[in-house]
Amino acid sequence: MADVLSQDQIDALLKSMQGGGAAEPPAETKTEEKVEVKAAPKAKPAEEKKYNKYDFYSPRKFTKERMKMLTNSFENYARILTSQVNGIFRAMTDITVLEVQEKRYYEYVNGLHENDDVSLIDVYGQDGVKNNISMLMYVTPGLILTLISHMLGGGDTVVRENSDYRYSDVERALYRRVVKHFIQALHDGFSNYINLDFQLDRVEENPSMLQEVGLDEAVAIIHLNVDVAGMAVEKIRICIPGTLLEFIFAMIDTRKHLAKGFSYQDNQDIILDNIRYSQLPITAQLAKVQLNLSDIYHLQVGDIIDLNKLENSSVNLYVGRQPWFTGRMGVSKKNLAVQIEGLVGQPAEEEEEEERVRAPVG
(Lines give C-alpha, C1' and ligand atoms only; values in the text may rest on other atoms or scores of the structure.)
Protein backbone atom coordinates (compact mmCIF):
# COMPACT_ATOMS: atom_id res chain seq x y z
CA MET A 1 0.00 0.00 0.00
CA ALA A 2 1.19 3.47 -0.79
CA ASP A 3 1.93 5.72 2.14
CA VAL A 4 -0.56 8.46 2.68
CA LEU A 5 1.09 11.83 3.34
CA SER A 6 -0.38 14.18 5.77
CA GLN A 7 -1.07 17.79 4.93
CA ASP A 8 1.92 18.99 6.91
CA GLN A 9 4.26 16.69 4.97
CA ILE A 10 2.82 17.87 1.65
CA ASP A 11 3.36 21.54 2.63
CA ALA A 12 6.95 20.78 3.63
CA LEU A 13 7.70 19.07 0.27
CA LEU A 14 6.28 21.96 -1.71
CA LYS A 15 8.30 24.44 0.32
CA SER A 16 11.54 22.46 -0.26
CA MET A 17 10.92 22.27 -4.02
CA GLN A 18 10.45 26.03 -4.21
CA GLY A 19 13.63 26.64 -2.23
CA GLY A 20 15.70 24.31 -4.46
CA GLY A 21 16.84 22.02 -1.67
CA ALA A 22 15.60 18.77 -0.23
CA ALA A 23 14.12 18.95 3.17
CA GLU A 24 13.55 16.17 5.54
CA PRO A 25 9.95 15.44 6.19
CA PRO A 26 8.85 16.69 9.53
CA ALA A 27 8.99 14.10 12.21
CA GLU A 28 5.88 12.90 13.79
CA THR A 29 4.59 15.14 16.46
CA LYS A 30 5.81 14.10 19.83
CA THR A 31 4.53 15.12 23.16
CA GLU A 32 6.66 17.95 24.47
CA GLU A 33 7.93 17.62 28.01
CA LYS A 34 7.58 20.68 30.14
CA VAL A 35 10.75 21.58 31.97
CA GLU A 36 10.67 24.29 34.58
CA VAL A 37 13.68 26.58 34.47
CA LYS A 38 14.13 28.70 37.53
CA ALA A 39 15.38 32.18 36.85
CA ALA A 40 18.66 33.03 38.48
CA PRO A 41 18.36 35.61 41.28
CA LYS A 42 18.99 39.12 40.08
CA ALA A 43 22.18 40.64 41.32
CA LYS A 44 21.73 43.75 43.44
CA PRO A 45 22.87 46.83 41.61
CA ALA A 46 25.98 48.39 43.06
CA GLU A 47 25.26 51.42 45.19
CA GLU A 48 26.30 54.57 43.45
CA LYS A 49 28.45 56.93 45.45
CA LYS A 50 27.02 60.38 45.91
CA TYR A 51 29.37 63.24 45.25
CA ASN A 52 28.82 66.88 46.01
CA LYS A 53 28.68 69.06 42.94
CA TYR A 54 31.60 71.43 42.68
CA ASP A 55 31.01 74.80 41.12
CA PHE A 56 34.18 75.78 39.27
CA TYR A 57 32.83 79.29 38.72
CA SER A 58 32.95 79.87 42.52
CA PRO A 59 35.90 77.89 43.91
CA ARG A 60 36.13 77.01 47.59
CA LYS A 61 37.89 79.53 49.81
CA PHE A 62 38.62 77.30 52.82
CA THR A 63 40.37 73.94 52.94
CA LYS A 64 38.94 70.66 54.19
CA GLU A 65 41.03 70.93 57.36
CA ARG A 66 39.46 74.31 58.12
CA MET A 67 35.95 73.01 57.57
CA LYS A 68 36.67 69.92 59.68
CA MET A 69 37.85 72.18 62.50
CA LEU A 70 34.62 74.15 62.19
CA THR A 71 32.58 70.93 62.17
CA ASN A 72 34.25 69.72 65.37
CA SER A 73 33.51 73.04 67.06
CA PHE A 74 29.82 72.89 66.22
CA GLU A 75 29.53 69.22 67.17
CA ASN A 76 30.85 70.22 70.56
CA TYR A 77 28.43 73.15 70.56
CA ALA A 78 25.50 70.84 69.76
CA ARG A 79 26.29 68.57 72.72
CA ILE A 80 26.60 71.51 75.12
CA LEU A 81 23.46 73.18 73.81
CA THR A 82 21.46 69.95 74.19
CA SER A 83 22.32 69.66 77.88
CA GLN A 84 21.64 73.36 78.53
CA VAL A 85 18.28 73.40 76.75
CA ASN A 86 17.17 70.23 78.52
CA GLY A 87 18.21 71.60 81.90
CA ILE A 88 17.01 75.20 81.60
CA PHE A 89 13.74 74.71 79.70
CA ARG A 90 12.96 71.16 80.97
CA ALA A 91 12.47 69.97 77.39
CA MET A 92 13.72 66.68 75.94
CA THR A 93 15.70 67.64 72.86
CA ASP A 94 18.50 66.07 70.84
CA ILE A 95 20.56 68.52 68.78
CA THR A 96 22.90 67.19 66.11
CA VAL A 97 24.91 68.68 63.23
CA LEU A 98 23.43 67.89 59.82
CA GLU A 99 26.01 69.60 57.63
CA VAL A 100 28.70 72.24 57.60
CA GLN A 101 29.36 73.53 54.10
CA GLU A 102 30.95 76.46 52.39
CA LYS A 103 28.45 78.20 50.14
CA ARG A 104 27.46 81.65 48.94
CA TYR A 105 25.50 84.07 51.06
CA TYR A 106 22.54 84.18 48.68
CA GLU A 107 21.98 80.44 49.28
CA TYR A 108 21.44 81.19 52.97
CA VAL A 109 19.14 84.16 52.35
CA ASN A 110 17.06 82.33 49.74
CA GLY A 111 16.04 79.78 52.37
CA LEU A 112 14.43 82.47 54.56
CA HIS A 113 11.01 84.12 54.40
CA GLU A 114 10.12 87.77 54.78
CA ASN A 115 8.56 87.23 58.23
CA ASP A 116 11.50 85.26 59.67
CA ASP A 117 13.47 86.69 62.59
CA VAL A 118 17.25 86.43 62.25
CA SER A 119 19.60 87.14 65.17
CA LEU A 120 22.82 89.06 64.51
CA ILE A 121 25.64 88.01 66.85
CA ASP A 122 28.73 90.10 67.65
CA VAL A 123 32.02 88.20 67.96
CA TYR A 124 34.75 89.43 70.32
CA GLY A 125 38.33 88.20 70.02
CA GLN A 126 40.75 87.25 72.77
CA ASP A 127 41.78 90.87 73.25
CA GLY A 128 38.15 91.98 73.66
CA VAL A 129 38.00 93.72 70.28
CA LYS A 130 34.73 93.26 68.38
CA ASN A 131 34.84 92.14 64.77
CA ASN A 132 32.94 94.33 62.32
CA ILE A 133 31.16 91.35 60.70
CA SER A 134 28.33 89.66 62.58
CA MET A 135 27.28 86.03 62.67
CA LEU A 136 23.69 85.16 61.73
CA MET A 137 21.42 82.63 63.44
CA TYR A 138 17.92 81.53 62.44
CA VAL A 139 15.75 79.28 64.63
CA THR A 140 12.49 77.79 63.36
CA PRO A 141 9.39 79.19 65.14
CA GLY A 142 8.23 75.76 66.32
CA LEU A 143 11.32 75.36 68.54
CA ILE A 144 11.11 78.91 69.90
CA LEU A 145 7.42 78.65 70.77
CA THR A 146 7.89 75.22 72.37
CA LEU A 147 10.69 76.52 74.60
CA ILE A 148 8.66 79.63 75.48
CA SER A 149 5.76 77.38 76.48
CA HIS A 150 8.06 75.36 78.77
CA MET A 151 9.61 78.55 80.15
CA LEU A 152 6.16 79.86 81.14
CA GLY A 153 5.21 76.61 82.86
CA GLY A 154 3.45 74.84 80.01
CA GLY A 155 3.18 71.08 79.68
CA ASP A 156 5.12 68.68 77.49
CA THR A 157 3.20 69.67 74.38
CA VAL A 158 5.07 70.54 71.20
CA VAL A 159 4.05 73.67 69.31
CA ARG A 160 4.05 73.36 65.52
CA GLU A 161 4.02 76.47 63.37
CA ASN A 162 4.80 77.29 59.76
CA SER A 163 8.17 78.71 58.87
CA ASP A 164 6.57 82.06 57.92
CA TYR A 165 5.03 82.55 61.39
CA ARG A 166 5.09 86.14 62.66
CA TYR A 167 5.90 86.65 66.36
CA SER A 168 3.88 88.97 68.56
CA ASP A 169 5.57 91.69 70.61
CA VAL A 170 5.53 89.58 73.79
CA GLU A 171 6.82 86.50 71.94
CA ARG A 172 9.60 88.53 70.35
CA ALA A 173 10.77 89.73 73.79
CA LEU A 174 10.84 86.14 75.03
CA TYR A 175 12.49 85.11 71.77
CA ARG A 176 15.50 87.26 72.63
CA ARG A 177 15.86 85.53 76.02
CA VAL A 178 15.76 82.08 74.43
CA VAL A 179 18.27 82.97 71.73
CA LYS A 180 20.69 84.40 74.31
CA HIS A 181 21.03 80.92 75.81
CA PHE A 182 21.85 79.57 72.34
CA ILE A 183 24.48 82.28 71.85
CA GLN A 184 26.19 81.80 75.22
CA ALA A 185 26.86 78.14 74.41
CA LEU A 186 28.94 79.18 71.37
CA HIS A 187 31.78 80.23 73.68
CA ASP A 188 32.10 76.68 75.05
CA GLY A 189 31.78 75.19 71.57
CA PHE A 190 34.89 77.01 70.31
CA SER A 191 36.81 76.70 73.60
CA ASN A 192 38.87 73.74 72.33
CA TYR A 193 40.48 75.97 69.69
CA ILE A 194 40.12 79.59 70.76
CA ASN A 195 38.60 81.83 73.41
CA LEU A 196 35.82 83.90 71.81
CA ASP A 197 32.89 85.82 73.27
CA PHE A 198 29.51 86.02 71.55
CA GLN A 199 26.80 88.56 72.31
CA LEU A 200 23.42 89.28 70.75
CA ASP A 201 23.49 92.50 68.75
CA ARG A 202 19.93 92.75 67.44
CA VAL A 203 17.09 90.75 65.92
CA GLU A 204 16.32 91.52 62.27
CA GLU A 205 12.65 91.01 61.41
CA ASN A 206 13.11 91.11 57.63
CA PRO A 207 16.24 89.16 56.58
CA SER A 208 15.84 90.11 52.92
CA MET A 209 16.81 93.67 53.83
CA LEU A 210 20.12 92.66 55.45
CA GLN A 211 23.11 94.27 53.75
CA GLU A 212 25.80 92.98 56.15
CA VAL A 213 27.34 90.59 53.61
CA GLY A 214 27.57 90.59 49.82
CA LEU A 215 25.35 88.07 48.07
CA ASP A 216 28.29 86.36 46.34
CA GLU A 217 30.55 86.28 49.38
CA ALA A 218 31.71 82.89 50.61
CA VAL A 219 30.12 81.86 53.90
CA ALA A 220 29.94 78.78 56.10
CA ILE A 221 26.40 77.50 56.59
CA ILE A 222 25.77 75.20 59.55
CA HIS A 223 22.53 73.22 59.78
CA LEU A 224 21.60 71.85 63.19
CA ASN A 225 18.79 69.32 63.56
CA VAL A 226 16.69 69.57 66.75
CA ASP A 227 14.59 66.54 67.66
CA VAL A 228 11.99 67.70 70.21
CA ALA A 229 10.86 64.71 72.30
CA GLY A 230 10.58 62.58 69.17
CA MET A 231 7.41 64.46 68.17
CA ALA A 232 8.80 67.30 66.04
CA VAL A 233 11.94 68.13 64.10
CA GLU A 234 13.11 71.74 64.09
CA LYS A 235 16.16 73.46 62.62
CA ILE A 236 18.84 75.96 63.62
CA ARG A 237 20.69 77.58 60.72
CA ILE A 238 23.87 79.54 61.38
CA CYS A 239 25.76 81.61 58.82
CA ILE A 240 29.38 82.68 59.38
CA PRO A 241 30.67 85.15 56.73
CA GLY A 242 34.01 84.40 55.12
CA THR A 243 35.64 87.56 56.53
CA LEU A 244 34.72 86.49 60.05
CA LEU A 245 36.00 82.98 59.41
CA GLU A 246 39.36 84.35 58.27
CA PHE A 247 39.50 86.40 61.48
CA ILE A 248 38.83 83.29 63.61
CA PHE A 249 41.24 81.03 61.73
CA ALA A 250 44.01 83.65 61.89
CA MET A 251 43.72 83.79 65.69
CA ILE A 252 43.79 79.98 65.89
CA ASP A 253 46.97 79.90 63.78
CA THR A 254 48.60 82.54 65.97
CA ARG A 255 47.74 80.55 69.07
CA LYS A 256 49.27 77.40 67.57
CA HIS A 257 52.53 79.20 66.75
CA LEU A 258 52.75 80.64 70.24
CA ALA A 259 52.12 77.24 71.78
CA LYS A 260 54.90 75.70 69.69
CA GLY A 261 57.29 78.51 70.65
CA PHE A 262 56.65 78.23 74.37
CA SER A 263 57.08 74.46 74.31
CA TYR A 264 60.79 74.90 73.48
CA GLN A 265 61.52 77.72 75.93
CA ASP A 266 62.57 77.56 79.55
CA ASN A 267 59.87 79.51 81.38
CA GLN A 268 60.91 78.56 84.91
CA ASP A 269 61.85 82.14 85.89
CA ILE A 270 58.64 83.56 84.46
CA ILE A 271 56.53 81.01 86.31
CA LEU A 272 58.36 81.63 89.60
CA ASP A 273 57.91 85.40 89.23
CA ASN A 274 54.19 84.96 88.73
CA ILE A 275 54.02 82.75 91.82
CA ARG A 276 56.27 85.08 93.84
CA TYR A 277 54.02 88.12 93.30
CA SER A 278 50.73 86.29 93.71
CA GLN A 279 48.55 87.55 96.57
CA LEU A 280 47.43 85.21 99.34
CA PRO A 281 45.15 86.06 102.29
CA ILE A 282 46.72 85.78 105.77
CA THR A 283 44.52 85.50 108.87
CA ALA A 284 45.42 85.26 112.58
CA GLN A 285 43.47 82.84 114.75
CA LEU A 286 43.38 83.63 118.47
CA ALA A 287 41.60 80.51 119.68
CA LYS A 288 38.73 78.12 119.07
CA VAL A 289 35.61 78.11 121.22
CA GLN A 290 32.56 75.89 120.92
CA LEU A 291 29.23 77.36 122.06
CA ASN A 292 25.67 76.12 122.02
CA LEU A 293 23.24 77.79 119.68
CA SER A 294 21.16 78.96 122.64
CA ASP A 295 24.22 80.68 124.17
CA ILE A 296 24.93 82.48 120.90
CA TYR A 297 21.28 83.50 120.64
CA HIS A 298 21.34 85.13 124.12
CA LEU A 299 24.63 87.01 123.62
CA GLN A 300 24.40 90.72 124.40
CA VAL A 301 26.67 93.72 124.21
CA GLY A 302 29.27 93.54 127.00
CA ASP A 303 29.23 89.78 127.44
CA ILE A 304 32.63 88.07 127.77
CA ILE A 305 33.57 84.81 126.06
CA ASP A 306 36.32 82.86 127.77
CA LEU A 307 38.84 81.71 125.15
CA ASN A 308 40.74 79.52 127.65
CA LYS A 309 43.97 81.11 126.53
CA LEU A 310 46.55 83.34 128.27
CA GLU A 311 46.85 86.96 127.25
CA ASN A 312 50.44 86.72 125.99
CA SER A 313 50.12 83.29 124.36
CA SER A 314 51.03 82.80 120.72
CA VAL A 315 48.55 82.85 117.86
CA ASN A 316 48.54 80.92 114.59
CA LEU A 317 48.78 82.63 111.22
CA TYR A 318 46.89 80.94 108.38
CA VAL A 319 47.78 81.31 104.72
CA GLY A 320 44.53 80.40 103.04
CA ARG A 321 43.29 77.54 105.22
CA GLN A 322 46.71 76.13 106.09
CA PRO A 323 48.54 77.16 109.34
CA TRP A 324 52.04 78.36 108.45
CA PHE A 325 53.39 80.64 111.21
CA THR A 326 53.13 81.28 114.93
CA GLY A 327 53.35 84.77 116.41
CA ARG A 328 52.33 87.20 119.15
CA MET A 329 49.74 89.97 119.04
CA GLY A 330 50.94 93.56 119.23
CA VAL A 331 50.66 97.05 117.79
CA SER A 332 52.63 98.55 114.90
CA LYS A 333 52.10 102.20 113.90
CA LYS A 334 48.75 102.30 115.71
CA ASN A 335 47.64 99.20 113.81
CA LEU A 336 46.95 95.80 115.27
CA ALA A 337 49.80 93.47 114.18
CA VAL A 338 51.26 90.02 114.69
CA GLN A 339 54.96 89.44 115.28
CA ILE A 340 55.95 86.22 113.50
CA GLU A 341 58.08 83.97 115.69
CA GLY A 342 58.48 80.85 113.59
CA LEU A 343 56.94 78.20 111.41
CA VAL A 344 54.25 75.88 112.67
CA GLY A 345 55.82 72.68 113.96
CA GLN A 346 59.36 74.11 113.93
CA PRO A 347 61.65 73.21 116.90
CA ALA A 348 62.27 75.88 119.52
CA GLU A 349 66.01 76.18 118.69
CA GLU A 350 65.29 76.99 115.07
CA GLU A 351 62.64 79.51 116.07
CA GLU A 352 65.22 81.64 117.87
CA GLU A 353 67.43 81.75 114.79
CA GLU A 354 64.64 82.88 112.48
CA GLU A 355 64.44 86.58 111.71
CA ARG A 356 61.45 88.32 113.19
CA VAL A 357 59.09 89.87 110.66
CA ARG A 358 56.19 92.15 111.47
CA ALA A 359 53.10 91.44 109.34
CA PRO A 360 50.21 93.95 109.70
CA VAL A 361 46.79 92.37 109.85
CA GLY A 362 44.12 94.12 107.79
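Our subject is the structure that appears above.
Described below are features of the structure shown in this document. (Residues numbered from 1 in each chain as written. Predicted model: local features only at pLDDT ≥ 70, side-chain atom pairs only at ≥ 80, totals over all residues. Heavy atoms only, no water.)

### Structural notes on the overall build of the protein
And then number 1: Within the protein, the regular secondary structure consists of nine helices and eleven strands.
And then number 2: A total of 362 residues make up the protein; the buried ones form 31% of that total.
And then number 3: Excluding contacts between residues fewer than 6 apart, the proportion of contacts in the protein whose partners are at least 24 apart in sequence is 63%.
And then number 4: Surface summary for the protein: the accessible area is close to 26,000 Å², and the carbon and sulfur share equals 51%. (Helix = DSSP H or I, 4+ residues; strand = E, 2+ residues; numbered from the N terminus. Buried < 20%, exposed > 50% of the residue type's maximum accessible area, 1.4 Å probe, protein only. Contact = heavy atoms within 4.5 Å. Areas by Shrake-Rupley, 256 points an atom, 1.4 Å probe, with all protein chains shown as cover.)

### Remarks on empty space enclosed by the protein
And then number 1: Per the stated rule, a full pass over the model turns up one cavity of 30 Å³ or more.
And then number 2: There is about 40 Å³ of room inside the largest cavity.
And then number 3: Broken down by secondary-structure element, the contributors of at least two residues to the lining of the largest cavity are helix 2 (64-88) and helix 6 (242-263).
And then number 4: A per-class count over the lining of the largest cavity returns seven nonpolar, one polar and one charged. (1 Å grid on protein atoms, 1.4 Å probe; cavity = no way out; pocket = protein on both sides within 12 Å on 5 of 7 lines; lining within 4 Å. Points joined across faces, edges and corners; volume = space filled by probe spheres on them. Nonpolar A, V, L, I, M, F, W, Y, C, P; charged D, E, K, R; others polar.)

### Describing the pattern of salt bridges
And then number 1: Under the counting rule described, the total for this entry stands at eight salt bridges.
And then number 2: Across the pair Arg66 and Asp253 runs a salt bridge, and its minimum N-O distance is 2.7 Å. Highlighted residues: Arg66 in helix 2 and Asp253 in helix 6, separated in sequence by 187 residues.
And then number 3: With relative accessibility at 24%, the residue Asp253 sits in the partly exposed group.
And then number 4: In this structure, the salt-bridge partner of Arg172 is Glu205, at a minimum N-O distance of 3.6 Å. (Salt bridge = Lys/Arg side-chain N within 4 Å of Asp/Glu carboxyl O.)

### Focus on the nonpolar core
Side chains of nonpolar character tend, in soluble globular proteins, to be buried together.
And then number 1: Among the nonpolar cores identified, the biggest contains 56 residues, and Tyr77, Met137, Phe182, Ile236, Ile238 and Ile240 are the most heavily contacted of them.
And then number 2: With nine residues, helix 2 is the single largest residue contributor to this core.
And then number 3: The contacts of Ile236, once residues within four sequence positions are left out, are Leu81, Met137, Tyr138, Val139, Leu143, Phe182, Ile222, His223, Leu224 and Val226.
And then number 4: By size, the runner-up hydrophobic cluster in this structure holds 13 residues, among which are Val109, Val118, Leu120 and Val213. (Core = buried A, V, L, I, M, F, W, Y, C linked by side-chain atoms within 4.5 Å.)

### What about the packing of helix 2 against helix 5 (residues 169-189)?
Working note: a packed helix pair is described by the angle between its axes plus the distance between those axes.
And then number 1: Here helix 2 crosses helix 5 at 135 degrees, and the two axes come no closer than 8 Å. Taken together, helix 2 and helix 5 sit at an angle that is classed as oblique. In this structure, helix 2 meets helix 5 at a crossing whose hand is right-handed. Contacts between helix 2 and helix 5 involve Ser73, Phe74, Asn76, Tyr77, Ile80, Leu81, Gln84, Val85 and Ile88 from the former and His181, Phe182, Ala185, Leu186, Asp188 and Gly189 from the latter.
And then number 2: Per-class residue counts for the contact of helix 2 with helix 5 are nine nonpolar, five polar and one charged. (Axes fitted to C-alpha atoms, helices over the stretch in contact; angles between N-to-C directions. Parallel < 35°, antiparallel > 145°, perpendicular 65-115°, else oblique. Left-handed = near helix turned anticlockwise from the far one by under 90°.)

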